[in-house]
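Take a look at the letters that make up each chain.
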Amino acid sequence: MGAAMSGPQTEGAYKKDHRLESFWDTWSDLSISDFYNKVGSYVGNNFYEKYEEDIKLFKSIHLDSFRTSIQWTRLMDQNQKLNPEGAAFYHKVCACARENDIELFMNLYHFDMPAYLFARGGWTSREVVEAYAAYARTAFREFGKEIRCWFTFNEPIVEPDQEYRHGAWYPFVKDARQGMQVQYHISLAHSLAVREFNKAKEEGYMLPDAQIGLINAFAPPYTKENPSPEDLEAVRMTDGIQNRWWLDLCMSGTLPKDVLDTLTEYGLAPEMRPGDEEILKCGRVDWLGFNYYQPNRVQAPLTKTDEAGYPKFADPYIWPERKMNIYRGWEIYPKGIYDFGMKMKNEYPDMKFFISENGMGVEHEDRFRSEDGEIQDDYRIEFVEDHLKWVMKAVEEGANCVGYHYWGVIDNWSWSNAFKNRYGFIEVDLMNNYTRRLKKSAHWIKSLIEQRDKGDN
Ligand code: FCB
């Protein structure tokens with residue numbers, strides 16, 4: 001049991017100790033009004049200064065483990081050499097986790113491209129794929145003896161979607177072909193990083209039981225009750241691009257043939273180079289993280305092409321009975337977690353996984369403050385409880401699910417939504433020097449873990 005967060009969403013200190021500019025800082029500089037309440041990527045929740053207090057708090061609520069990420073912009077300089085000041089910060093975080101006896105899960109990339117590499121094409125460029133592999137190699141060799149649980153990427157599907165397919169995030173591209181190229185390059189980057197991990201392990205740089213994984217939002221796709229063949233085709237391609245693409249890569253070092261065939265048929269296939277197949281083969285991992293917030297409901301595309309004239313594979317389907325988190329605009333469907341567990345059991349039985357994110361973001365939580373000042377977030381307790389029940393059911397029925405991480409352990413900056421929706425078990429007071437305070441849910445999760453340790457549930 002634990003909880004997650006990430007470097008770019010918490011650290012702040014965006015210019016300290018020679019940290020490089022990130023893609024998010026560039027976007028914040030260019031157009032601050034794109035961010036909720038004009039809060040750009042600069043401040044996080046000040047984890048850079050408060051990490052000791054935070055890690056103690058995580059331990060105080062009995063979390064076994066927590067995840068954060070190394071910021072590429074902090075660990076490396078523009079010549080792709082280690083930045084010793086950045087490295088010193090992560091060494092301090094590792095030491096603090098050790099001292100508090102809480103296991104640190106470390107992810108290498110959470111949507112946070114260094115600006116100088118973004119300017120050279122970002123994930124559209126092969127040069128960036130190589131640069132990422134060099135960064136991963138440096139990280140494994142620097143922290144190999146301090147971290148056991150490593151991840152190459154968090155939600156590698158998000159950047160192709162948000163930045164290149166839907167144009168929702170800077171650079172606002174709506175180009176399905178470029179989206180596939182970016183997705184493909186991230187797949188190569190993941191595979192090269194796993195290769196570096198295995199090499200570093202062989203050469204004795206890593207702990208003997210170190211593990212490498214990938215974390216993705218593998219939301220199971222659903223469609224209408226009596227689907228047409230076209231609806232089922234929409235499910236096949238949605239599942240193919242969002243889930244099977246990464247699952248196949250992680251399980252067998254390949255990409256799903258039926259998806260590549262359809263992409264080729266529609267002129268959307270990525271450019272592949274000789275030798276790439278060998279690289280992809282290195283992409284097999286030890287375990288997977290499943291971020292789950294909402295199901296993915298789709299139906300046959302209502303129009304054949306998108307605004308830019310590219311073929312579409314699916315359109316969203318609104319389930320009439322859906323229950324919503326109205327603040328985030330995401331459907332709440334706890335059973336999705338079980339369905340994924342069963343899919344893993346049936347299709348990929350040898351692969352262990354954990355729930356790596358699951359959480360509820362709520363606006364204006366101040367409304368729920370009790371007289372003594374504590375946020376009474378019963379809705380969050382209910383949300384986690386409902387999901388955990390389905391996790392337990394999946395485990396009882398044989399899913400190889402080894403853990404659960406809530407997102408986010410502490411209120412943090414959520415991309416263009418900034419601090420609009422709060423997710424934490426721990427509150428951050430932005431108006432009062434980033435003061436931390438436990439919410440009701442923090443006490444609840446603490447007592448749940450206590451019961452587990454006593455063998456009560
Ligand atoms: C996920 C991201 C995470 C956080 C949550 C709310 O998609 O992995 O960084 O923003 O959404």
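Not measured: the values here are computed from a predicted model.

Student: In this structure, what is going on with the sheet that holds strand β2 (residues 65-69)? I would like to understand it.
Tutor: Through backbone hydrogen bonds, the strands of a sheet pair up, either in parallel or in antiparallel fashion. Taken in spatial order, the eight strands line up as β1-β2-β3-β4-β5-β7-β12-β14 and close into a barrel, and their pairing is parallel. Between one strand axis and the next, the sheet turns by 30° as a mean value, whatever way the strands run. Bridge count between β2 and strand β3 (residues 103-107): five bridges; the pairing is parallel. Paired with S69 across the bridge in β3 is N107. Packing against the sheet, helix α7 (residues 126-143) makes contact with β4 (149-154) and β5 (211-216), and its axis sits at approximately 160° to β4. Contacting β4 and β5, helix α9 (residues 176-202) crosses the sheet at an angle of about 165° to β4.

Student: I'm lost on the pattern of salt bridges in this one. Help?
Tutor: If the charged atoms of two oppositely charged side chains come close together, the side chains can form a pair. One pass over the structure, following the stated rule, counts 41 salt bridges. Between K16 and E49 there is a salt bridge, with the nearest N and O atoms lying 2.7 Å from each other. Separated by 33 residues along the polypeptide, K16 in the loop between α1 (7-10) and α2 (23-30) and E49 in helix α3 (residues 47-60) bring together distant segments of the chain. Relative accessible area serves as the criterion here: at 39%, K16 is assigned to the partly exposed category.

Student: It is not clear to me how the sheet that holds strand β6 (residues 221-222) should be interpreted in this structure. Could you clarify?
Tutor: Sheet architecture is open: three strands sit in the order β6-β8-β9, paired in mixed fashion. Of all the strands in the sheet, just β6 and β9 (315-316) have a single pairing partner and so form its edges. Strand direction decides the pairing type here: strand β8 (residues 296-299) and β9, joined by two bridges, are antiparallel. Note that in β9 the partner of Q299 across the bridge is D315. Across the sheet, helix α10 (residues 229-252) lies against β6 and β8, angled at about 140° from β8, the strand it touches most.

Student: So what exactly am I meant to see when it comes to the pairing of β4 here?
Tutor: Within a regular strand, side chains alternate between the sheet's two faces. Most of β4 sits inside the fold, with six of its six residues counted as buried. Alignment of β3 against β4, held across three bridges, turns out to be parallel. Looking at the pairing, F105 lines up with C149 of β4. Pairing between β4 and β5: four bridges, direction parallel. Among the inter-strand pairings, W150 is bridged to a residue of β5, identified as I212.

Student: Teacher, can you tell me more about helix α14 (residues 378-396) here?
Tutor: Each α-helix winds once per 3.6 residues, and so residues spaced three or four apart point in a common direction. Taking 1.5 Å of rise per residue, 19 residues should cover 27 Å, and α14 covers 27 Å from first to last C-alpha, within 8% of that figure. Looking at α14, one finds that the buried residues are Y379, R380, I381, F383, V384, H387, L388, V391 and A394. Among the structural elements, α13 (335-347), β12 (352-357), β13 (362-363), β14 (401-407), β15 (421-422) and α15 (440-453) are those in contact with the buried residues of α14. Backbone geometry just downstream of α14 places G398 in the positive-phi region, at approximately 100°.

Student: Can you walk me through the packing of α10 against helix α11 (residues 257-265) in this structure?
Tutor: Two quantities define a packed helix pair, namely the angle between the axes and the distance from one axis to the other. Interhelical geometry of α10 versus α11 gives an angle of 120° and a closest axis separation of 10 Å. Between α10 and α11, the crossing angle belongs to the class labelled oblique. Between α10 and α11 lies a crossing of left-handed hand. Of the residues in α11, those in contact with R236, M237, G240, I241, R244 and W245 of α10 are D258, V259, L260, T262 and L263. Along the lines of polarity and charge, the residues of the contact of α10 with α11 split into six nonpolar, two polar and three charged.

Student: How do you make sense of the environment of M106 when you look at a structure like this?
Tutor: By the secondary structure assignment, M106 is in strand β3. Exposure remark for M106: the relative accessible area of 0% places this residue in the buried category. Taking the C-alpha atoms as reference points, M106 and L30, 76 residues apart in sequence, are found 30 Å from one another. With near-sequence residues (within four places) excluded, M106 lies in contact with T68, S69, I70, Y90, I147, C149, W150 and F151.

Calculation rules
Counting starts from 1 at the beginning of each chain's written sequence and moves along it residue by residue. In keeping with the model being predicted, local features are shown solely for residues with a pLDDT of at least 70 and side-chain atom pairs are shown and tallied solely at 80 or more, while totals for entire chains, interfaces and linings include all residues. Water and hydrogen atoms play no part in the side-chain values, which are based on all heavy atoms of the structure. Here the rule is simple: two strands pair whenever DSSP picks up at least two bridges between them. Under the scheme used here, helices are H or I runs from DSSP no shorter than 4 residues and strands are E runs no shorter than 2 residues, and both carry numbers assigned from the N terminus. What counts as an axis is a line fitted to C-alpha atoms, over the stretch in contact for a helix, and the angles between N-to-C directions run from 0 to 180 degrees. The contact criterion used throughout is that any non-hydrogen atoms of two residues lie within 4.5 Å. We define a salt bridge as a side-chain nitrogen of Lys or Arg found within 4 Å of a carboxyl oxygen belonging to Asp or Glu. A simple rule labels every residue: compare its accessible area, found with a 1.4 Å probe on the protein chains alone, to the largest value its type can have, and call it buried under 20%, exposed over 50%, or partly exposed in between. A helix's residues, less one, multiplied by 1.5 Å, set its expected span. With respect to orientation, any angle under 35 degrees is reported as roughly parallel, any angle over 145 as roughly antiparallel, any angle of 65 to 115 as roughly perpendicular, and every other angle as oblique. Crossings are classed by handedness, with left-handed meaning an anticlockwise turn of the near helix from the far one by less than a right angle and right-handed meaning a clockwise turn. All residues other than Ala, Val, Leu, Ile, Met, Phe, Trp, Tyr, Cys, Pro, Asp, Glu, Lys and Arg, Gly among them, are scored as polar; the first ten of these are nonpolar and the last four charged.

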